[in-house]
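# Analysis of the macromolecular model
Chain residues, written in single-letter form:
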Amino acid sequence: MREIRTDAAPAPVGPYSQAVVHGGLLFASGQIPLDPATGELVAGDIEAQTERVFANLRAVLAAAGASLGDVLRATVYLTDLSTFPRVNAVYARHFADDPQPARTTVGAAALPLGAQVEIDVIAAVG
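Here, residues in each chain are numbered from 1, in the same order as that chain's written sequence. Local features in this predicted model are restricted to residues of pLDDT 70 or higher, and side-chain atom pairs are both shown and tallied only at a pLDDT of 80 or more, whereas totals for entire chains, interfaces and linings draw on every residue. With hydrogens and water excluded, all non-hydrogen atoms of the structure serve as input to the side-chain values.

## Section: the nonpolar core
A general tendency of soluble globular proteins is for nonpolar side chains to be buried together. Our working definition: Side-chain atoms within 4.5 Å link the members of a nonpolar core, which is a set of buried Ala, Val, Leu, Ile, Met, Phe, Trp, Tyr and Cys residues. We call a residue buried when its accessible area falls under 20% of the maximum for its residue type, exposed when it is over 50%, and partly exposed in between, using a 1.4 Å probe and counting protein chains only. Elements are defined by DSSP. Helices are runs of H or I of four residues or more, strands are runs of E of two residues or more, and each kind is numbered from the N terminus. Residue contacts are counted whenever heavy atoms from the two residues lie within 4.5 Å of one another.
Membership of the largest hydrophobic core comes to 29 residues, with the highest contact counts inside it found for L26, F54, L61, I119 and V121. Within the residue set of this core, elements represented by two or more residues are β2 (19-22), β3 (25-31), α1 (46-63), β4 (71-78), α2 (84-94) and β6 (117-124). For this core, the element with the highest residue contribution is α1, accounting for 7 residues. Apart from the residues lying within four places of it in its own chain, the contact partners of I119 are S29, G30, Q31, V53, F54, L57, A74, T75 and V76.

This is how it looks when you write it as structure tokens:
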């Protein structure tokens, strides 16, 4: 197993890795909309938060030599499922190529630091 770590995404705030690679698969920890430069939650609406989450995921994937095009599965956690259509519109822009990854969306009572959205992924790596 190999740990993936990059300063271009928020540092782990607990006993976990940004991602690990094993057997040709990358397992990325959930990313919330933290700005890695400040460690603060980004300001703005659910779309702004979702865009930051994707920027963080992209950075973790890149550190492993992968991209969003290598994602096989995603899990989206939302504190308010009524925002799903808005999150889905952002998600669709980032996963525009076929085939899109398998996905599960989960309603969560709360997310770390008051985030409205968190996404984790599993991706193939070379």
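## What to know about the sheet that holds strand β1 (residues 2-4)
Note the following rule: Any two strands are treated as partners once DSSP identifies two or more bridges connecting them. Note on method: axes are straight lines fitted to C-alpha atoms, helices fitted across the in-contact stretch only, with angles between N-to-C directions ranging 0 to 180 degrees.
The 6 strands lie next to each other as β1-β2-β3-β6-β4-β5, forming an open sheet whose pairing is mixed. The sheet is open, and its two borders are formed by β1 and β5 (102-107), each paired with just one other strand. The mean inter-strand angle of the sheet, taken between neighbouring strand axes irrespective of direction, is 15 degrees. Direction of pairing for β3 relative to β6: antiparallel, over a ladder of 5 bridges.

## Thoughts on the side chain of T50
Spelled out, the test is: Contacts described as polar in this section are N or O atom pairs within 3.5 Å, which, within protein, must combine one atom able to donate a hydrogen with one able to accept it, while residues neighboring in sequence count only if both atoms come from side chains.
Position of T50 among the secondary structure elements: in helix α1. Of the residues examined, T50 reaches a relative accessible area of 0% and is grouped as buried. Only 2.7 Å separates the side chain of T50 from the backbone oxygen of I46, close enough to count as a polar contact.

## A short note on the pattern of salt bridges
Under the convention used in this document: Salt bridges are defined by distance alone: a side-chain nitrogen of Lys or Arg within 4 Å of a carboxyl oxygen of Asp or Glu.
Taken as a whole, this structure holds 3 salt bridges when the rule is applied. A salt bridge links E3 to R5, with the nearest nitrogen and oxygen atoms 3.0 Å apart. E3 sits in the partly exposed class, given a relative accessible area of 42%. According to the relative accessible area criterion, R5 is exposed, its value standing at 52%.

## Some thoughts on the pairing of β2
The sheet contact formed by β1 and β2 spans 3 bridges and is antiparallel. Each residue of the ladder has a partner; that of E3, found in β2, is V20. Between β2 and β3, which pair antiparallel in sequence order, lie 2 residues; one of them, G23, sits at a positive phi of approximately 60 degrees.

On their own, these measurements won't tell you what the molecule is for.
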